[in-house]
Amino acid sequence: MASWQRVFDLFRRKLKHTDREFVESYLDEAGLFLFTQMSYADQKHSVKVARFLLNEGVNTKGVNLKLLLQGALLHDTGKVKGEISWFNRLIVGLIRRCFPGVREKWGQRGKSSLNHALYVDLNHPSRGAYLAESLGIDSKVVSLIKHHHDKITDGADLELILLQTADGKN
Ligand SMILES: [Fe+2]
Ligand SMILES: [Fe+2]
């Protein structure tokens, strides 16, 4: 269901008022800039990840909830609106799930639109972290953005584990 909802979200344009208010309650001006430069589909996905962490009975004891939610809202900010067509998004999603090796082999900046889409998908954590750091976003949030697709290792931050779990479910 979640996958179909994400496909459906590719064709919608604007967040509901309540979602926008939710976002504005956690992000400052720089954060809102980063959030707004994502496509609707990525904005909606990010809101779902943040709301999941808040509302689905997730144990957030001992975590910095405000920074975790900022990380949730900004984790995919390296995917800039207009860079990837909806069609390539579907193809990239398929390749990521079924042929992950192809993503690394074909991902090349600025080559064909599909090569570029694969490049963005592969590199959006480091791109997003760079953008966020440049705009003065909290270093903890920058770290969450940068590592949100890394393999979890012993001693990983609880915030990163929770973010990855919520991201995978939404
Ligand atoms: Fe991501
Ligand atoms: Fe995500």
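For the structure given in this document, a descriptive report is provided here. Since we're looking at a predicted model, the values are computed, not measured.

Calculation rules
- Residues numbered from 1 in each chain as written.
- Chains lettered and ligands numbered in written order.
- Predicted model: local features only at pLDDT ≥ 70, side-chain atom pairs only at ≥ 80, totals over all residues.
- Heavy atoms only, no water.
- Helix = DSSP H or I, 4+ residues; strand = E, 2+ residues; numbered from the N terminus.
- Rg over C-alpha atoms; globule rule 2.2 N^0.38 Å.
- Buried < 20%, exposed > 50% of the residue type's maximum accessible area, 1.4 Å probe, protein only.
- Contact = heavy atoms within 4.5 Å.
- Areas by Shrake-Rupley, 256 points an atom, 1.4 Å probe, with all protein chains shown as cover.
- Lys, Arg positive; Asp, Glu negative; His and termini not counted.
- Charge placed at Lys NZ, Arg CZ, Asp CG, Glu CD.
- Donors = N, O, S within 2.8 Å, 3.2 Å for Na, K, Ca; no water.
- Tetrahedral: all angles 85-135°; square planar, octahedral: opposite > 155°, others 65-115°.
- Phe/Tyr/Trp six-rings, centres within 6.5 Å; stacked < 30°, edge-to-face > 60°.
- Lys NZ or Arg CZ within 6 Å of the ring centre and 35° of its normal.
- Core = buried A, V, L, I, M, F, W, Y, C linked by side-chain atoms within 4.5 Å.

## Notes on the overall build of the protein
- If you tally the helices and strands in the protein, you get 10 helices and zero strands.
- Over its C-alpha trace the protein gives a radius of gyration of 15 Å, about what one expects of a compact globule, namely 15 Å for 170 residues.
- On the principal axes, the C-alpha backbone points of the protein span a range of 45 × 40 × 35 Å.
- Classification of the 170 residues of the protein by burial places 43% in the buried group.
- Partitioning the contacts of the protein with sequence separation of at least 6, the portion at a separation of at least 24 is 65%.
- Just so you have it, the protein exposes about 9,700 Å², and 54% of that area is on carbon and sulfur atoms.
- Computed over 25 positive and 19 negative side-chain charges, the separation of the two mean positions in the protein equals 7 Å.

## Quick look at the coordination of the iron ion (ligand 2)
- Around the iron ion (ligand 2), the protein supplies H45 (NE2), H75 (NE2), D76 (OD) and D167 (OD) as donor atoms, at distances of 2.2 to 2.3 Å.
- Note that the iron ion (ligand 2) binds four donor atoms; their angles at the metal cover 78 to 171°, and the shape is irregular.
- Spacing between the donor residues of the iron ion (ligand 2) along their common chain follows H-x29-H-D-x90-D.
- On the basis of relative accessibility, which here comes to 0%, the residue H75 falls in the buried class.

## Digging into the coordination of the iron ion (ligand 1)
- Coordination of the iron ion (ligand 1) by the protein comes from D76 (OD), H124 (NE2), H148 (NE2) and H149 (NE2), over a distance range of 2.1 to 2.2 Å.
- Viewed at the metal, the four donor atoms of the iron ion (ligand 1) are separated by angles of 87 to 177°, and the geometry they form is irregular.
- The sequence pattern describing where the donors of the iron ion (ligand 1) fall on their chain is D-x47-H-x23-H-H.
- In this structure, the iron ion (ligand 1) lies 3.8 Å from the iron ion (ligand 2), and both are coordinated by D76. Pair noted here: H124 is in helix α8 (residues 113-134) and H148 is in the loop between α9 (139-147) and α10 (158-169), with a separation of 24 residues, a long-range link. The pair formed by H124 and H148 is uniform in burial state, with each residue classed as buried.

## Description of the packing of aromatic side chains
- For the structure shown, the criterion picks out two aromatic pairs.
- Ring centres 5.4 Å apart and planes at 65° place the aromatic pair F22 and Y26 in the edge-to-face group. Of the two residues, F22 and Y26 both sit in helix α2 (residues 17-26), four residues apart, roughly one turn of that helix.
- One cation-aromatic arrangement involves R51 over F22; the distance from NZ or CZ to the ring centre is 4.3 Å.

## Notes on the nonpolar core
- Counting residues in each nonpolar core, the largest one holds 33 residues, and the members touching the most others are V23, F35, L53, L73, L74 and I137.
- Secondary-structure elements contributing two or more residues to this core are α2, α3 (29-36), α4 (40-55), α5 (65-74), α8, α9 and α10.
- Residues contacting L73, with those up to four places away along its chain left out, are F22, V23, Y26, L27, F35, M38, S46, V47 and A50.
- In this structure, I95, A117, L118 and V120 belong to the second largest nonpolar core, which totals seven residues.

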